[in-house]
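Spelled out from the first residue to the last, the chains are:
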Amino acid sequence: MKRYFINSELKISTSVLLFVMTLFLIITVLFLKSHNDNLKADYIKSLGAIAARVVEKNPQIEKEIIPLITKEVSKEEATHGSAFLKQYGLTEELEDSLFPYVSRAIFIKE
């Protein structure tokens, strides 16, 4: 392996390629972190608005809402929730533009 790096052009090319790959990796990680933070903020906005509306209508269940929002959803609960929303026409087949946080997350321009 050392014999390949005797050639100075190969050393420079390898160094430049390694630098560019590292730079690309760092930029990608920063972009994904930023995207993840934006999705988390949108998730909090959406669930916060829903929770506030529910508490406004029924203040007695305020203490029950936060554990429901923060715990992981079981497969049965997810299926039940999907069926419930499907009654009102909310399915995965709807256009992304009808979901404001999703459409902004995937950069749809209107």
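Residues numbered from 1 in each chain as written. Predicted model: local features only at pLDDT ≥ 70, side-chain atom pairs only at ≥ 80, totals over all residues. Heavy atoms only, no water.

(A) The overall build of the chain, seen in detail. In terms of helices and strands, the chain carries four helices and zero strands. Listing each helix as α and each strand as β along the chain from the N terminus yields α-α-α-α. Evaluated residue by residue, the chain yields a buried proportion of 5% over its 110 residues. (Helix = DSSP H or I, 4+ residues; strand = E, 2+ residues; numbered from the N terminus. Buried < 20%, exposed > 50% of the residue type's maximum accessible area, 1.4 Å probe, protein only.)

(B) View of the packing of aromatic side chains. Using the criterion set out here, one finds one aromatic pair in the structure. Their ring planes at 65 degrees and their centres at 5.5 Å tell us that F84 and Y88 sit as a pair that is edge-to-face. The exposure class assigned to F84 is partly exposed, which follows from its relative accessible area of 44%. (Phe/Tyr/Trp six-rings, centres within 6.5 Å; stacked < 30°, edge-to-face > 60°.)

(C) Expanded view of the packing of helix 1 (residues 8-57) against helix 2 (residues 62-70). One way to put it is that helix 1 packs onto helix 2 with a least axis distance of 10 Å and a crossing angle of 155 degrees. Considering the angle they form, helix 1 stands roughly antiparallel to helix 2. In terms of crossing hand, the pair formed by helix 1 and helix 2 is right-handed. Only E62, I65 and I69 of helix 2 make contact with helix 1, whose side of the interface consists of Y43, L47, A51, V54 and V55. Classifying every residue of the contact of helix 1 with helix 2 gives seven nonpolar, no polar and one charged. (Axes fitted to C-alpha atoms, helices over the stretch in contact; angles between N-to-C directions. Parallel < 35°, antiparallel > 145°, perpendicular 65-115°, else oblique. Left-handed = near helix turned anticlockwise from the far one by under 90°. Contact = heavy atoms within 4.5 Å. Nonpolar A, V, L, I, M, F, W, Y, C, P; charged D, E, K, R; others polar.)

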